[in-house]
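The chain contents come next:
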Amino acid sequence: MKIRVSYGTAIVLGLVHARQDVAPTTAYLLFDRGCIGQCSFCSRANGNVRSQKLSRIIWPEFELEQVLEKLTTPPLPFARICLQTGYNPESESELKSLAQQFVKTGIATSVTLSPSQTLLAGEMLEMGLDHVGIGLDAASPPTYATHKKKNWQQDWPALLDLLSKVGDRIEVHLIFGLGDSEEAFCQRIQAIIDGGGKISLFALTPVNGGNPPEFAAYRRVQAFRFLCEKQKVRVDDCQFADGRLTGFPIAGANLCEALENGDAFRTSGCGNCNRPYYNERPGQLFYNYPRPLSSPEFTAAVEVMALADR
Ligand code: SF4
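Reading guide: rules and limits
Residues numbered from 1 in each chain as written. Predicted model: local features only at pLDDT ≥ 70, side-chain atom pairs only at ≥ 80, totals over all residues. Axes fitted to C-alpha atoms, helices over the stretch in contact; angles between N-to-C directions. Helix = DSSP H or I, 4+ residues; strand = E, 2+ residues; numbered from the N terminus. Parallel < 35°, antiparallel > 145°, perpendicular 65-115°, else oblique. Left-handed = near helix turned anticlockwise from the far one by under 90°. Contact = placed C-beta atoms within 7 Å. Nonpolar A, V, L, I, M, F, W, Y, C, P; charged D, E, K, R; others polar. Buried ≥ 20, exposed ≤ 12 C-beta atoms within 10 Å, placed from the backbone. Pairing = 2+ DSSP bridges. Right-handed = clockwise from strand over helix to strand, strands pointing away.

Draft legend 1. Expanded view of the packing of helix α3 (residues 92-104) against helix α4 (residues 118-127). Relative orientation of the contacting elements α3 and α4 amounts to 30 degrees, with a least axis distance of 10 Å. By the criterion of interaxial angle, the relationship of α3 to α4 is roughly parallel. By crossing handedness, the relation of α3 to α4 is classed as right-handed. Where α3 abuts α4, its residues Glu92, Lys96, Ala99, Gln100 and Val103 lie against Leu120, Met124 and Met127. For the contact of α3 with α4, the per-class residue count stands at five nonpolar, one polar and two charged.

As structure tokens, then:
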């Protein structure tokens, strides 16, 4: 059997020889038997298995056995494996047996699933998977209908039910840039955290057209996500004007301290997940920093938010 491996992961495993500026700290793999999802922003939607891409990453194919051998040869190259999947109910049993092989390695393994697969998510956690990422992606019913073409009334309650049971092992993937206002986006982040889950935040990568979000807005929602997960702010205590986040209940030096040297602007999600170059090309400013920020990078990130000083 073959499996797709992200280009950066393949370099770390020695399957591809190329230089890389920032190495992934999780092994990203892709299992896709033809995704029946219709996400507007995805190059693999509607069963387009010919596309080698997911987000802006290339995923060359290798023999599973060879990949498993590389992953388990000491010193272990990765402390986490993330098995990303295309949504296809017909391949669920194959997915389970594949996941079983990763569980057997003893390396913490995450899997990403569709919001239509909350029952499967529970089953896979029981099988020994460490965490599950759920691709909710859109933050409100209208953007969910437009960009995911799925039923919010069915999927959101099912996700809340999953969070109530195993929320500490669920990362809900949200994409900023699909048309949700900062206020709607932050409200959804709050609801997910109140439900018991965590957020894995992405910026829209316009592989199918559209525009990436402005950095100022993205930095504000990143800061909100971080402060909210740390229980330092709640959405009701923040100020918004016309849907734009204009202020936190903390400001100045207190806000900078709470953003922890810029950790707020790093990739969020499962432990060790840094997803380099998912949202930008090498050399471009990072939406999600895959490594600690330098002091000038942190200063610039805070300044670009252009929050009202209180
Ligand atoms: S947060 Fe990272 S490791 Fe976890 S499921 Fe999402 S992509 Fe995978």
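Now that the structure has been shown, the text picks up again.
Draft legend 2. Representation of the pairing of strand β8 (residues 131-137) within the structure. Across the seven residues that make up β8, a large majority, seven, are buried. Across the two faces of β8 the burial is the same, with His131, Gly133, Gly135 and Asp137 and Val132, Ile134 and Leu136 all buried. In terms of strand pairing, strand β7 (residues 108-113) meets β8 through four bridges, oriented parallel. The residue of β8 that forms the bridge with serine 110 is histidine 131. Each parallel crossover has a hand, and for β7 linked through α4 to β8 it is right-handed. Looking at chain direction, β8 and strand β9 (residues 170-176) are connected through four bridges and run parallel. When the bridges of β9 are listed, isoleucine 134 appears paired with valine 172.

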